[in-house]
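An overview of the molecular structure
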Amino acid sequence: MKTSVYSTHYDKLRLWLKTNREEQSLSLREVSEKWGKHHSILGKIEQARRKIELVEFIELCQILEVEPHEGLSLLISSMNEEWRGYKR
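Residues numbered from 1 in each chain as written. Predicted model: local features only at pLDDT ≥ 70, side-chain atom pairs only at ≥ 80, totals over all residues. Heavy atoms only, no water.

Overview of the environment of histidine 69
Cut-off, in case you're wondering: Helix numbers and strand numbers start at the N terminus; a helix is a DSSP run of H or I with at least 4 residues, a strand a run of E with at least 2. Each residue's exposure class comes from its accessible area (1.4 Å probe, protein chains only) as a fraction of the maximum for that residue type: buried when under 20%, exposed when over 50%, partly exposed otherwise.
Following the sequence through the fold, histidine 69 ends up in helix H5 (residues 68-87). What makes histidine 69 partly exposed here is its relative accessible area of 48%. Note: C-alpha distance between histidine 69 and isoleucine 58 (11 residues apart in sequence) is 9.2 Å.

Below, the structure written as structure tokens:
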């Protein structure tokens, strides 16, 4: 079984964050500067080369001015779809 960093659920969450960043025309460097972390950290998160901690997720949502529960709802929905598939 894949680790969570490579799961389809995690991919959806990463894509959601990246899409929100790109919709605001923010570069990795701009977001990372506001975040106070090196841009390579955000790049690795977006490329599925590093897991994102819950606190980091919330911080990024605050920077991007998006609601964290929207991303979590996306993640939960994805997991529920998979779970329903297992129950059949």
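What about the pattern of salt bridges?
Note the threshold: By convention in these notes, a salt bridge is any Lys or Arg side-chain nitrogen within 4 Å of a carboxyl oxygen on Asp or Glu.
Following the criterion strictly, the structure yields five salt bridges and no others. Note that glutamate 22 and arginine 21 form a salt bridge whose closest N and O atoms lie 4.0 Å from each other. According to the relative accessible area criterion, glutamate 22 is partly exposed, its value standing at 45%. On the basis of relative accessible area, arginine 21 is assigned to the buried category, the value being 8%. Close ionic contact of lysine 37 with glutamate 56 constitutes a salt bridge, the shortest N to O distance being 3.1 Å. Taken as a pair, lysine 37 in the loop between helix H2 (28-35) and helix H3 (39-46) and glutamate 56 in helix H4 (residues 54-64) lie far apart in primary sequence, 19 residues in all. Note on glutamate 56: relative accessible area 6%, which makes it buried. One network of salt bridges, with partners in common, ties together Arg21, Glu22 and Glu46.

Looking at the packing of H2 against H3
Threshold: Every angle, taken between N-to-C directions, lies between 0 and 180 degrees, and every axis is a line fitted to C-alpha atoms, over only the stretch in contact when it is a helix. In this scheme the handedness of a crossing depends on how the near helix is turned from the far one: anticlockwise by less than a right angle means left-handed, clockwise means right-handed. Whether two residues touch is decided by their heavy atoms; if any such pair falls within 4.5 Å, the residues are in contact. For this classification, the nonpolar set comprises Ala, Val, Leu, Ile, Met, Phe, Trp, Tyr, Cys and Pro, the charged set comprises Asp, Glu, Lys and Arg, and every other residue, Gly included, is treated as polar.
Contact geometry for H2 and H3: axes closest at 8 Å, N-to-C directions at 115 degrees. For the element pair H2 and H3, the recorded crossing hand is right-handed. Touching Leu28, Arg29, Val31, Ser32 and Trp35 of H2 are His39, Ile41, Leu42, Gly43, Ile45 and Glu46, all from H3. In terms of residue class, the contact of H2 with H3 is made up of six nonpolar, three polar and two charged.

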